[in-house]
Amino acid sequence: MSHPLAALAPGLASSTALQRILREQQALLDSAGVGIAFIRNRTVLRCNQHCANIFGLASPEEVVGRSSEGLHPSRDAFRELGRAAFPDLSRGLAYRTKRQLRRSDGRLFWAHLTGRLINPHDSGEGSLWIIDDIDAQRHARALLDSAMVSRLQREIEDRRSDQERIYRMAHYDALTQLPNRVLLAERGEEAIRLAQENGTPLAVMFLDLDNFKHVNDSLGHRVGDALLVEIARRLQGTVRERDTVARLGGDEFVLLLPRANAQGAERVAAKMQEAAMQPVQVGHHELSLALSMGIALFPEHGSDFETLIQCADTAMYRAKAGGRNNYCFFTPQMQEQSARALQLTNALRRALERNQLSLHYQPQVALPTGRVHGVEALLRWNHPELGSVSPAEFIPVAEDSGLILPIGEWVLRTALAQLQAWHAAGLPRLTMAVNLSATQLRQPQLPQMVEHLLHEHRIAAHMLELELTENVAVDDPHTAIASMEQLHTMGVRLSMDDFGTGYSSLSQLKRFQIYRLKIDQSFVRDLDHDGNDRAIVSAIIRMAQALGMRTTAEGVETADQLAFLREQGCDEAQGYYFSRPLPAAELERHRLGCQAA
Ligand SMILES: Nc1nc2c(ncn2[C@@H]2O[C@H](COP(=O)(O)O[C@H]3[C@@H](O)[C@H](n4cnc5c(=O)[nH]c(N)nc54)O[C@@H]3COP(=O)(O)O)[C@@H](O)[C@H]2O)c(=O)[nH]1
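Before going into details, it helps to say that this report is about the structure given with it. (Residues numbered from 1 in each chain as written. Predicted model: local features only at pLDDT ≥ 70, side-chain atom pairs only at ≥ 80, totals over all residues. Heavy atoms only, no water.)

### Side note on the sheet that holds strand β2 (residues 43-47)
Strand pairing within a sheet occurs via backbone hydrogen bonds; the two strands may be parallel or antiparallel.
In step 1: Ordered by their spatial adjacency, five strands build an open sheet running β2-β1-β5-β4-β3, and the pairing between neighbours is antiparallel. This sheet does not close on itself; its edge strands, each paired only once, are β2 and β3 (95-102). Direction aside, the axes of adjacent strands within the sheet are offset by 35° on average.
In step 2: Here β3 pairs with strand β4 (residues 108-117) via eight bridges, running antiparallel. For Lys98, the partnering residue across the bridge sits in β4 and is His112. (Pairing = 2+ DSSP bridges. Helix = DSSP H or I, 4+ residues; strand = E, 2+ residues; numbered from the N terminus. Axes fitted to C-alpha atoms, helices over the stretch in contact; angles between N-to-C directions.)

### Here we look at the nonpolar core
In step 1: By size, the foremost hydrophobic cluster in this structure holds 77 residues, and its most contacted members are Leu466, Leu517 and Leu565.
In step 2: Once you skip the residues sitting within four places of it in the chain, Leu565 turns out to touch Leu367, Val524, Leu527, Val537, Ile541, Ala553, Val556 and Cys570.
In step 3: Grouped together as the second largest cluster of nonpolar side chains are 32 residues, Phe212, Ile231, Val280 and Met293 included. (Core = buried A, V, L, I, M, F, W, Y, C linked by side-chain atoms within 4.5 Å. Buried < 20%, exposed > 50% of the residue type's maximum accessible area, 1.4 Å probe, protein only. Contact = heavy atoms within 4.5 Å.)

### Digging into the site of the ligand
In step 1: Lining the immediate environment of the ligand, one finds 23 residues, of which Glu376, Asp497, Gln521, Glu557 and Tyr576 sit closest.
In step 2: Between an oxygen atom of the ligand and a side-chain N or O atom of Asp498, the distance comes to 3.0 Å.
In step 3: In isolation the ligand offers 810 Å² of accessible surface; the protein chains occlude 82% of this area.
In step 4: Elements that contribute at least two residues to the shell around the ligand include exactly β14 (371-383), α12 (391-401) and β18 (493-499). (Near = heavy atom within 4 Å. Polar contact = N/O pair within 3.5 Å; in protein donor to acceptor, adjacent residues only side chain to side chain. Areas by Shrake-Rupley, 256 points an atom, 1.4 Å probe, with all protein chains shown as cover.)

### A few points about the packing of helix α7 (residues 212-219) against helix α8 (residues 221-238)
In step 1: Packing of α7 against α8 leaves a shortest axis separation of 6 Å and a crossing angle of 140°. Classified by the angle between their axes, α7 and α8 sit oblique to one another. Mapping the contact onto sequence places Phe212, Val215, Asn216 and Leu219 in α7 and His221, Val223, Gly224, Leu227 and Leu228 in α8.
In step 2: Split by residue class, the contact of α7 with α8 holds six nonpolar, three polar and no charged. (Parallel < 35°, antiparallel > 145°, perpendicular 65-115°, else oblique. Nonpolar A, V, L, I, M, F, W, Y, C, P; charged D, E, K, R; others polar.)

### Structural notes on the packing of aromatic side chains
In step 1: Within the structure shown, the criterion is met by four aromatic pairs.
In step 2: Centre to centre, the rings of Phe55 and Phe109 are 5.8 Å apart; their planes meet at 70°, and the pair counts as edge-to-face. Of this pair, Phe55 sits in the loop between α2 (49-54) and α3 (60-63) while Phe109 sits in strand β4, and the two are 54 residues apart along the sequence.
In step 3: A residue is classified by how much of its surface remains accessible, and Phe55, at 2% relative accessible area, is buried.
In step 4: Taking the centre distance of 5.3 Å and the plane angle of 80° together, the rings of Tyr577 and Phe578 count as edge-to-face.
In step 5: Its relative accessible area of 38% is what places Tyr577 among the partly exposed residues.
In step 6: With a relative accessible area of 15%, Phe578 lands in the buried category.
In step 7: Arg103 extends its terminal NZ or CZ atom over the ring of Phe109, reaching a point 3.9 Å from the ring centre.
In step 8: The residue whose ring lies beneath Arg168 is Tyr172, and the NZ or CZ to ring-centre distance is 4.0 Å. (Phe/Tyr/Trp six-rings, centres within 6.5 Å; stacked < 30°, edge-to-face > 60°. Lys NZ or Arg CZ within 6 Å of the ring centre and 35° of its normal.)

This is the structure in structure tokens:
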């Protein structure tokens, strides 16, 4: 096809130079971002690609040759444009307007038009028109805008979900998905505000799983975690929507119970106990757990959330100490006791180095012969200001603070040194019983320490009896059993103290390699007038005999008690009837000299 511009200079159309110029011009035209068309005699002579695009045609060739009138919505519109443009064009000026044009498929669109005559003195040479498609621009802008909007929306969405994730991480426990300490505190403050405003009650409950450490240690953390998740689910399923179940960490949970008074809290506690006690299946383990719970009430026990939680925590410890699977309401006395415990802990830290501790010894008498076969070492603490503090009070404090470890070692060393002295003084068969706390038994190095002290004082292992309570083994049977086995292998004798008051099974007794059962003094105390106690004591003695264990009755105070025990075949007895626990020198004077064999 001959180039349309060749028509403008017919003589030059075949020249190579002109062809090159025309190609360059076309390239220039095609690279323009607007439509460009040359029109002469109402016919399109030449246009660029953009112009073809604007009119919905594939290439400039499809536009060239078309009547320019057909590019307008109507003949009238076309003529009107000619009339309007003429004054400017004929003066050699550019004519600018905004018009509707028609695409090849008939659709109308708005465009900015700029026209100019090629030769202002001769309109017959045609005109050049620049067409700027406003609709397409608008459309493109709209597309751009919507792309930006959706990107913005995505960003906002992303940011929102990031914020939600951060909020969740900061306010919820990752394992159980329960509210954590932070969210609990927020809800607690809010609950107190509402309770104050409405004059309604509010209960805070502190929960702790009994023996959870045992599950974790013996079955592994994965089982422990699964158990916590299941317990969390059950607790959550037991309360009402307005209540909050939060996990503080480990096996500690807190319940926030708006509008619950003492009876309400008690009902929830009972439901919690029931929910926790249903067996939990984790893999092939069927586990059942119990809860210890402490309850504090608003406003009776505190006006701020921090105080209420502390009170509930204190009450929970009391529940645990009272035998586990239990709940307890906070009382102000508990706080006094906590303050006292703190005072004792601080004072106890200095007790060893300031020589405030001493041992008293209580004889243990063999019933068939009436002779003292051994003594039990009992710790005494005499503080310059606090006076004589009972071990029943300070031993638990020492256990909680970990001070029982250095103190327990001191007791063992001092007792063995005393035994060594008595053996040297002519009482070679005297045995020494020493109390061991659960914390001590959990120390894996305990057997080595005992062995070292026995060696240091040249005492045969069977002359030492270590007294354990039943709960020692319940808390951490694995370490406890390992230590007991080592001690047993060394020849040290183990006795079960306060037997009958704790929680142990007969199979445990066998596994623990127990040499002696010490019948708790609570059964001995009322032997004279309580038929049940008599039945229990004689059953314990018979059971021990059947299992090949010896029995010692604690707290014997009367001749009648002694007669009953002797009659039942009890092996040894200990109590005020024979002697109170005494300092070594006093005991030597009164009891040991002639009786020990
Ligand atoms: N872990 C350690 N625990 C210890 C140690 N020393 C003592 N304790 C434990 O403290 C609890 C209280 O001991 P204590 O006040 O010494 O009471 C003992 C006896 O004095 C008392 N007793 C003895 N005979 C009688 C009696 O006839 N009547 C009566 N009412 N009380 C009597 O009983 C306690 C016996 O203790 P135990 O045989 O150990 O049960 C107590 O639990 C001690 O175990 C220590 O060094 N470490």
